[in-house]
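A closer look at the structure
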Amino acid sequence: MKERTLVLLKPDAVNRRLVGEILTRFERKGLKIVAMKMLWLTKEKAEEHYAVHKGKPFYDSLIKYITSSPIIAMVLEGESAIKVVRKIMGVTDGVEAAPGTIRGDFALSIQNNLVHGSDSVESAKREIPIFFDDSEIYDYQLSDEKWI
Ligand code: IDP
Ligand code: MG
């Protein structure tokens, strides 16, 4: 099933100049960028995005981290995009993440783990509008789609 998922390149990705490296991994898999922007999250928007984690021991630190610098937000589209992005990201803790994944290759922290990807269709539906209006998400064809 073709899906759309929200991907964030978090403050550590931007500050460590890993934006291109990470984007390349999603692009070469065959995922399509249908929306993308740089933004600096407000505390309010960060709390909305991470609402499910409110009350957890790491919540305050997480909000501080995600609002500490500009980030890149994007919507990626493709076959099973939600699962595929999560696999390319690796598990939450950089120490546990498999080599070959983004977190496995570049992270040693459970908090500073470079990327966010929606974890379900319902999460994607909730998260995408926090970052993008409908008019900022593009329906278009890429010439190589029939090969992917
Ligand atoms: P995910 O990003 O792999 O889906 P979640 O459990 O949804 O992981 O947690 C959201 C974010 O909160 C993580 O990506 C990470 O930045 C941070 N986080 C999760 N668990 C911990 C923790 O135990 N300590 C510190 N930060 C955490
Ligand atoms: Mg999550």
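Up top is the structure.
Here goes a summary of the coordinates provided. (Residues numbered from 1 in each chain as written. Chains lettered and ligands numbered in written order. Predicted model: local features only at pLDDT ≥ 70, side-chain atom pairs only at ≥ 80, totals over all residues. Heavy atoms only, no water.)

The next subject is the site of ligand 1. Surrounding ligand 1, one finds K10, Y50, H53, F58, L62, R86, T92, R103, I110, Q111 and N113. The side chain of K10 places a nitrogen or oxygen atom 2.8 Å from an oxygen atom of ligand 1. At a separation of 2.9 Å, an oxygen atom of ligand 1 approaches a polar side-chain atom of H53. Calculation on ligand 1 without its partners gives an accessible area of 520 Å², and the protein chains cover 79% of this total. Here the residues of the shell around ligand 1 are counted per class, giving four nonpolar, four polar and three charged. (Near = heavy atom within 4 Å. Polar contact = N/O pair within 3.5 Å; in protein donor to acceptor, adjacent residues only side chain to side chain. Areas by Shrake-Rupley, 256 points an atom, 1.4 Å probe, with all protein chains shown as cover. Nonpolar A, V, L, I, M, F, W, Y, C, P; charged D, E, K, R; others polar.)

All right, on to the pattern of salt bridges then. According to the stated counting rule, one finds nine salt bridges in the structure shown. R4 is the salt-bridge partner of E77, the closest N and O atoms lying 2.8 Å from each other. Taken together, the residues span a long stretch of sequence, with E77 in strand β3 (residues 71–79) and R4 in strand β1 (residues 2–9) at a distance of 73 residues. A relative accessible area of 29% places R4 in the partly exposed class. The partner of E145 in a salt bridge is K32, and the shortest N-O contact between them spans 2.7 Å. Of the two residues, E145 is situated in the segment after α7 (121–131) and K32 in strand β2 (residues 32–39); the sequence distance between them amounts to 113 residues. Taking the relative accessible area as the measure of exposure, E145 reaches 31% and is therefore partly exposed. For K32, a relative accessible area of 6% gives the class buried. (Salt bridge = Lys/Arg side-chain N within 4 Å of Asp/Glu carboxyl O. Helix = DSSP H or I, 4+ residues; strand = E, 2+ residues; numbered from the N terminus. Buried < 20%, exposed > 50% of the residue type's maximum accessible area, 1.4 Å probe, protein only.)

For any two aromatic rings, the description comes down to two numbers: the centre-to-centre distance and the angle of the planes. One pass over the full model with this rule turns up zero aromatic pairs. Over the aromatic face of Y140 sits the side chain of K32, whose NZ or CZ is 5.0 Å from the ring centroid. (Phe/Tyr/Trp six-rings, centres within 6.5 Å; stacked < 30°, edge-to-face > 60°. Lys NZ or Arg CZ within 6 Å of the ring centre and 35° of its normal.)

Read from one edge of the open sheet, four strands run β2-β3-β1-β4, paired in antiparallel fashion. Whereas interior strands pair on both sides, the edge strands pair on one side only; in this sheet they are β2 and β4 (115–117). Direction aside, the axes of adjacent strands within the sheet are offset by 20° on average. Pairing of β1 with β4, which is carried by three bridges, proceeds in the antiparallel orientation. Bridging across to β4, V7 finds its partner in G117. (Pairing = 2+ DSSP bridges. Axes fitted to C-alpha atoms, helices over the stretch in contact; angles between N-to-C directions.)

In short, shape yes, function no, at least from these values alone.
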